[in-house]
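What the coordinates show
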Amino acid sequence: MIKNNHLSVTFRRLDGLLKDQAAETRDQPDADVYTYARCMADVEHVIAVVSDLCNGTSRIFNGGFATALGISDYCEENSIWEKKVLSLMSDQEQEEKFIAEIRFIHYLRKLGPSRRHYYLMSKLRFEDAHGRMIDVLHRMYYVYDVGSESVRYAICLYGPLSVDFRGKGIAVNSLTGSCVELSSSSDSGLISRRERQVLKLIDSGLKSREIADRLCISVHTVSRHRQEILSRLHVNNSIEACRLARSMGLI
């Protein structure tokens, strides 16, 4: 359960982004996807989560690592979010994970057809069954709907972090092995330069008329920028937009 209000905002935003790119079909689930996840759990001893973005459900396949975390009986979720796994992280750690996934989605949108070759790798901190904090490697893969660029499944693998890497999250090209760190510098395309100017002035407490005077534009144009910012950041109001933008280093 996500209780922190700031975290809930980021959570809702990522949920919206995932639904935007999800496939529309509601056909029977692909058995091969679940077979793959079960094999990964058996062979790598990881926790493998398959989220059906179309039907809004998840199945969890538990390797030995689930026992170390005390969640070996966790098998399904009526949500695309593996809430019991997420509950092992602090609110700050959860928010950093969600932001890494938001950055990954936007990075993929820039790539075109080659996006299918990329997966996300991120570093997390979990509390294990004995109350100890441990480093965890998270890998996330998208499985695309046949014949389209829409995503049907997200597959997440959780296991011990054995090899460290720079940053909290990286996009990995599975064909070449090349990696791109997903940091605040990756967010430059989320909002335009003018929208960033408007958002900074909103964050400083200025009203629309004051922003219009400062930037020598009309109040109508300021309102249009406000609406575009909320749409691009998938938030409900300017307060949420400013807080998320600060977290992501946009302002």
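Reading guide: rules and limits
- Residues numbered from 1 in each chain as written.
- Predicted model: local features only at pLDDT ≥ 70, side-chain atom pairs only at ≥ 80, totals over all residues.
- Heavy atoms only, no water.
- Pairing = 2+ DSSP bridges.
- Helix = DSSP H or I, 4+ residues; strand = E, 2+ residues; numbered from the N terminus.
- Contact = heavy atoms within 4.5 Å.
- Axes fitted to C-alpha atoms, helices over the stretch in contact; angles between N-to-C directions.
- Core = buried A, V, L, I, M, F, W, Y, C linked by side-chain atoms within 4.5 Å.
- Buried < 20%, exposed > 50% of the residue type's maximum accessible area, 1.4 Å probe, protein only.

1. Here's the deal with the sheet that holds strand β2 (residues 57–62)
One open sheet accounts for 8 strands, arranged β3-β2-β1-β6-β5-β4-β7-β8; its pairing is antiparallel. Among the strands making up the open sheet, the edge pair consists of β3 (76–77) and β8 (179–181). In this sheet, strand β6 (residues 151–160) lies alongside strand β1 (residues 47–52) in antiparallel orientation, the contact comprising 6 bridges. Across the sheet, residue S51 finds its bridge partner in β6, namely A154. On top of the sheet, helix α2 (residues 31–44) reaches β1, β2, β5 (133–144) and β6; it is set at about 30° to β2, its chief contact. The sheet strands contacting helix α5 (residues 91–109) are β4 (118–127), β5, β6, β7 (169–173) and β8, and the helix crosses β4 at an angle near 180°.

2. Digging into the nonpolar core
Among the nonpolar cores identified, the biggest contains 34 residues, and I47, L69, I71, F104, F126, Y142 and Y158 are the most heavily contacted of them. Elements supplying a minimum of two residues to this core: β1, α3 (64–69), α4 (83–86), α5, β4, β5 and β6. In terms of residue count, α5 provides more of this core than any other element does, 5 residues in total. When near neighbours in sequence (up to four residues on either side) are disregarded, F104 contacts Y118, Y119, L120, M140, Y142, A171 and L182.

3. Topic: unusual backbone geometry
One non-glycine residue, H45, lies in the positive phi region at around 65°. By the element assignment, H45 lies in the loop between α2 and β1. Within the chain, C216 stands out as a residue other than glycine whose phi angle is a positive 60°. Mapped onto the elements of the fold, C216 is located in the loop between α7 (208–215) and α8 (219–233).

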